[in-house]
Amino acid sequence: MTPRPAAPPPLAVVQSLVNTSELLEDRDDLTTPAGLVAWAAAEGLPCPARPTQADLTRVRRFREALRQLLGGAAGGVSTLNGELARTGTRPLLQAGPLVEFTGDDTTALDAAITRVLTAVLTAGLDGSLRRLKTCAAEDCRWAFYDRSPNVVSRWCETSVCGARHKMRAYRARRAATTG
Ligand SMILES: [Zn+2]
């Protein structure tokens, strides 16, 4: 389901991570080591060759904290700040010019999570982070990039989740008037 054009860089990777799980379709690409390796490869991110169950749990927890952040909830913030502290990496400028992240005892997963967090921080500083949102439908929560001038979009796709919401509101009104 890609109803809107993908978010521009650097947020594209954040959107991609959040949407590795699709609630409406009961799909989650990050439940197996192979799934995590494939996603990281597609995004050009470092990844352990053989992710452990702990790695998978950590990434999914990180992903859901991001989903909460994009949805405007405060719940995910402590997890995200915890990861900022935990990865123990620091940025290092390289000729190219490139930015690399290094640190003592850091793993490929630390580096991948740092890359995603850096995208969040960068977009937070330039103001574009508020355009990356999650769908207002409780059972959807798909991440979409809101290109509307006043940043007022609520649904991943108006014709899908917006229409479902209207239908529910219509049924509720009807039940209230006829019941
Ligand atoms: Zn939706």
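Values in this document were obtained by computation on a predicted structure and should not be read as measured data.

K.L.:
So what exactly am I meant to see when it comes to the pattern of salt bridges here?
P.N.:
Considering all chains together, one arrives at 11 salt bridges under this definition. Across the salt bridge formed by D28 and R63, the nearest N and O atoms sit 2.8 Å from each other. Of this pair, D28 sits in strand β2 (residues 27-28) while R63 sits in helix α3 (residues 53-70), and the two are 35 residues apart along the sequence. Note on D28: relative accessible area 25%, which makes it partly exposed. Of the residues examined, R63 reaches a relative accessible area of 3% and is grouped as buried. Residue E64 pairs with R67 through a salt bridge whose shortest N-O separation is 2.7 Å. You can see E64 and its partner R67 sitting in helix α3, 3 residues apart, about one turn around the helix. When its relative accessible area of 31% is taken as the criterion, E64 is described as partly exposed. Given the relative accessible area of 6%, R67 is considered buried. Taken together, the shared-partner salt bridges connect D28, R63, E64 and R67 into one network.

K.L.:
What is the right way to look at the packing of α3 against helix α4 (residues 77-86) in this model?
P.N.:
Between two packed helices, both the angle of their axes relative to each other and the distance between the axes serve to describe the pair. Closest axis-to-axis distance for the α3/α4 pair is 8 Å, and the angle between their directions is 130°. Considered as vectors, α3 and α4 are oriented oblique to each other. The crossing of α3 and α4 is left-handed. Listed contacts from α4 to R58, R61, F62, A65, L66 and L69 of α3 are V77, T79, L80, E83 and R86. Along the lines of polarity and charge, the residues of the contact of α3 with α4 split into 6 nonpolar, 1 polar and 4 charged.

Thresholds, definitions, all that
Residues numbered from 1 in each chain as written. Predicted model: local features only at pLDDT ≥ 70, side-chain atom pairs only at ≥ 80, totals over all residues. Heavy atoms only, no water. Salt bridge = Lys/Arg side-chain N within 4 Å of Asp/Glu carboxyl O. Helix = DSSP H or I, 4+ residues; strand = E, 2+ residues; numbered from the N terminus. Buried < 20%, exposed > 50% of the residue type's maximum accessible area, 1.4 Å probe, protein only. Axes fitted to C-alpha atoms, helices over the stretch in contact; angles between N-to-C directions. Parallel < 35°, antiparallel > 145°, perpendicular 65-115°, else oblique. Left-handed = near helix turned anticlockwise from the far one by under 90°. Contact = heavy atoms within 4.5 Å. Nonpolar A, V, L, I, M, F, W, Y, C, P; charged D, E, K, R; others polar.

In short, geometric facts, not functional conclusions.
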